[in-house]
Amino acid sequence: MGLTETPRASPDALLTLANREGRGRLKIFLGAAPGVGKTYAMLQAARTAREDGADVIIGLVETHGRQETEELLQGFEILPRLSVPYRGRMVQEFDLDAALNRHPKLILVDEYAHTNAPGSRHPKRWQDIEELLAAGIDVWTTLNVQHLESLNDIVQRITRVRVRETVPDAVFDEADELVLVDLPPDELLKRLAEGKVYVQDTAARAVDNFFRPNNLVALRELALRRAAERIDSDLLERMQGGGVEGPWAAGERILVCVGADEISPAVVRHAKRLADAIGAPWLAVTVERPGESLGNDQRHRVDETLQLAARLGADETKTLVAGDMVQELLRFARFENVTQIVVGRSRGGWWSELLGRSLPHQLVHHAEDIAIHVVTAKDGQVRRMRWWTRRPRVNIDRSWTPFVWSALAVAGAIVVGRMMTSAVSLPNVSMIFLVAVLFAAVRFGIWPAIVSSILSFLGYNFFFIDPVYTFTVARPHELLALFIFLGAAVLTSALAGRAREQAAAAVIRARATRRLYEFTRRLSSFPDANAVAEGAVVELNGYLNHPAAILLPQTDTLELVASWPPEDELDTASASAARWAYERDEAAGAGTGTLPSARWIFLPLRSSHGRVGVLGVAPNGAAFDPEIRTLVETVAELTAAALERARLTREIVTANTAAETERVRNTLLASISHDFRTPLASILGAATGLIEYGPKLPEHARRDLLDQVKDEAEHLDRMVRNLLSMTRVEARGLELRKDWIDIREAFDRVVALAKRRGATQALRLNIDPQLSFAVADPSLLDQALANIVGNAVRYAGPDAQVVLAARRDGDGIILSVTDDGPGIPQNLLPIVFEKFARGREQDGDGGKGTGLGLAIAKGIIEAHGGSIAAESPVANGHGTRIFIRIPLEENTP
């Protein structure tokens, strides 16, 4: 028996369903034209939903004076409209904030494609609805088919009317439910005649223009087709989500090539319809040649076309740079696994068509296994971008100076040619004029070189071709040579000028790359987030000559941490745009679809762990071209990476500090548990013996037990004082009470203390006779010396010799403690003055003490302005010497 594999759901379909979790549901009532009853049908469905217990409110409904529609509004909660000032009057708009605060289950918002008044949060009503959906509110709305972006050019050809208010197809396709409200054209015209759509005067004009029977039939067909495509898409999505097998449209991928000509939007819409028809993803690209760029109008047209492609749902839009447009398009198509290319061809360009050099011809000739779709335009419908509308990418000196110098170069060539022909017989002096042409091309560019070519052509004819001093040419072959010279001069000037412009463009790109490299290097040197932000805004302001700012999250708000030129705070609209960009992870502000009236445009700063802030630039009314936008986005990415690095550095420092604190705590607890346990056990044992056997013990035994309690208590007191001293040292809280002290007396006190503590070693003094006094804190110096001597007694062994020496060394005193014990292990010597550093005692114990003695001595000596060091071994592989250097005060006796 064979096993049947259970169909699995499509991961993409499941991911789509997961992304819809928490969002509201969008229901669109689609009609072929105004007056078919979309709003009426929506209100009837809303009444039914309200009767079923749903929380339904009216956000905005346009009745257009229709009585039957107004009657359906009765009984609903209607939100007040928002008054927005526009050109000296108040415009009533949908109140988005009121709807969000009310937060109903379902809200009705009419006219999906409506354009909001300037100053609103979003330019389009469909963007308001997107925010409602993101907040989890279900929305019902209405839409006419002519407002779909991909059908805009088709509707214009049908009705001869350009529809200005459009909705991106990508947004329309995300609707959860589509209701087609259909009405036959005859019925619609009847309603129009009865005044149920527009008033009589307006209705008459509408019948003469938009509401023609042929137009209504075509629009109805478009609406039916679009609804059918959407139903098919829904069916496909449900089958994929449920794991139902079926034939899928797979493998096709479409690339649309756009330019600055006016046919490009039509080409993009055609590619969109083609992609929808076969269910294929699609991309949009434009190709630029190095050394050339478009004029402002052409650049703006290309940008708008690419934005149109993005709105229509293109998976990706790119700008390619290549000298050979055809080969670059085919290379990109092969890289992206494209199976079909859509290009446009304007009427005209007979020379390119004749030579087969047009883009469609070249693509058809070179493409292999790729289908080419050519979209054509009618004569006069589209203006082609002529070659003279292109301009060099680099700045050109538009004064007359280059042309004057080009003319002078030709004049110089004439003078040189006349001098040479008068001296020797030259059959041809045209090469001298080519030198003048090359000079103009290399020095000033194409246009001065072309002027130089024409002047050379005239000068060569006038001064050197018989009959001279006239523009007449006597022999035909000389006329042919003259025109060949003109062609060679123009071609040479064009090639040399193009090379110059490309070289200048390469220099500009290299300079931009260098600045970005330096910017990245500087960012890597900034220690914290605030420094990164300040450096980034200064650099970006230097690049663009526009104000720049960075806002970083602080608790529950965004705080302006850096701006250049400096600003204390942002205006309300700009602050709202910054919050929107941070919270929604999308650009907001000037020139975007969210709060376009704001003065700033804000981009989210994204890192691998999420958003780290927002970067703002104030365009001051100027539109950013793609190169500047790419630069801003690059700076934003670099800044986000630097901010993330600063955050990680801060977290690493915090983690290291916490780990060090934990290590110190554990070491301290281990030290205390070990070192305090022994004296406490001795005290407890002696006290217990005195309590239980006190009267029975002889006097000397009781005295020994009491001495033991006293000694161990003093030992505990020393350890506690060491801990407190270490705390004061680390907190820089040592208070020095300096006084004159006698070095010999200080040594005597330290030796006596060591002997009282049971030191069995031979302790000797070696003091320079010329040195007796120093200035220091007596108690702290005694503590430091006692710790050093105690360390020597503990680790040198019971039979060792310990020498305390003092001598003068320039403007300081050298105090040293030397023993002849086993010495300090080499691995311990570099850290011997650190906290909790301990060696092995001669009895094999892990060290009796807290390991703080030398660390405290180091802190005390450094507080006196001195230094401390250790040397081991001293002689014959044994011994340890601790040096202390204390500066001498003036007038030290």
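Residues numbered from 1 in each chain as written. Predicted model: local features only at pLDDT ≥ 70, side-chain atom pairs only at ≥ 80, totals over all residues. Heavy atoms only, no water.

A. Molecular detail of helix α25 (residues 743-756). When the terminal C-alpha atoms of α25 are compared, their 20 Å separation across 14 residues agrees well with the 20 Å that a helix rising 1.5 Å per residue should span. Among all positions of α25, only Ile-743, Ala-746, Phe-747, Val-750, Val-751 and Ala-754 are buried. For α25, the buried positions fall inside an angular range of 130 degrees around the axis, keeping them on one side. Residues of α25 that are buried in the fold lie against β21 (739-742), β22 (762-767), β23 (773-776), α26 (778-796), β24 (801-809) and β25 (812-819). Two to three positions downstream of the cap, the backbone nitrogen of Arg-744 sits 2.8 Å from a side-chain oxygen, assigning the N-cap of α25 to Asp-742. In the stretch just after α25, Gly-758 is the one whose phi turns positive, near 95 degrees. (Helix = DSSP H or I, 4+ residues; strand = E, 2+ residues; numbered from the N terminus. Expected span 1.5 Å × (residues − 1). Buried < 20%, exposed > 50% of the residue type's maximum accessible area, 1.4 Å probe, protein only. Arc of directions from axis to C-beta. Contact = heavy atoms within 4.5 Å. Polar contact = N/O pair within 3.5 Å; in protein donor to acceptor, adjacent residues only side chain to side chain.)

B. Representation of a nonpolar patch on the surface within the structure. On the surface, Trp-400, Val-404, Trp-405, Leu-408 and Phe-439 cluster together into a nonpolar patch covering about 600 Å² of accessible area. Per-element accounting of the nonpolar patch gives the leading share, 3 residues, to helix α16 (residues 401-423). Tracing the backbone through its elements, the reader meets Trp-400 in the loop between β15 (391-392) and α16. (Patch = residues over 30% accessible without salt bridge, like charges linked within 9 Å, V, L, I, M, F, W, Y side chains within 5 Å. Areas by Shrake-Rupley, 256 points an atom, 1.4 Å probe, with all protein chains shown as cover. Salt bridge = Lys/Arg side-chain N within 4 Å of Asp/Glu carboxyl O.)

C. Focus on the pattern of salt bridges. Within the structure shown, the criterion is met by 34 salt bridges. Counted as one network, the salt bridges with shared partners bring together Asp-169, Asp-173, Arg-226, Lys-272 and Asp-276.

D. Here's a closer look at the packing of aromatic side chains. Tallied over the entire structure, the rule returns 2 aromatic pairs. With centroids separated by 6.0 Å and ring planes inclined at 65 degrees, the aromatic side chains of Phe-29 and Trp-140 adopt a geometry described as edge-to-face. Note that Phe-29 is positioned in strand β1 (residues 26-31) and Trp-140 in strand β7 (residues 138-144), a separation of 111 residues in sequence. The pair Phe-29 / Trp-140 is uniform in exposure class, with both members buried. Pairing Trp-600 with Phe-602 gives two aromatic rings, centres 6.2 Å apart and planes at 20 degrees, and the pair type is stacked. With a relative accessible area of 1%, Trp-600 lands in the buried category. Take Phe-602: its relative accessible area is 0%, and that puts it in the buried class. (Phe/Tyr/Trp six-rings, centres within 6.5 Å; stacked < 30°, edge-to-face > 60°.)

E. Structural context of the packing of helix α13 (residues 325-335) against helix α15 (residues 359-366). Packing of α13 against α15 brings their axes to within 10 Å, and their N-to-C directions diverge by 50 degrees. One way to sum up the angle between α13 and α15 is to call them oblique. Crossing geometry of α13 relative to α15 is assigned as right-handed. Of α15, the residues touching α13 (which contributes Met-325, Val-326, Gln-327, Leu-329 and Leu-330) are Leu-359, Gln-362, Leu-363 and His-366. Here the contact of α13 with α15 is composed, by residue class, of 6 nonpolar, 3 polar and no charged. (Axes fitted to C-alpha atoms, helices over the stretch in contact; angles between N-to-C directions. Parallel < 35°, antiparallel > 145°, perpendicular 65-115°, else oblique. Left-handed = near helix turned anticlockwise from the far one by under 90°. Nonpolar A, V, L, I, M, F, W, Y, C, P; charged D, E, K, R; others polar.)

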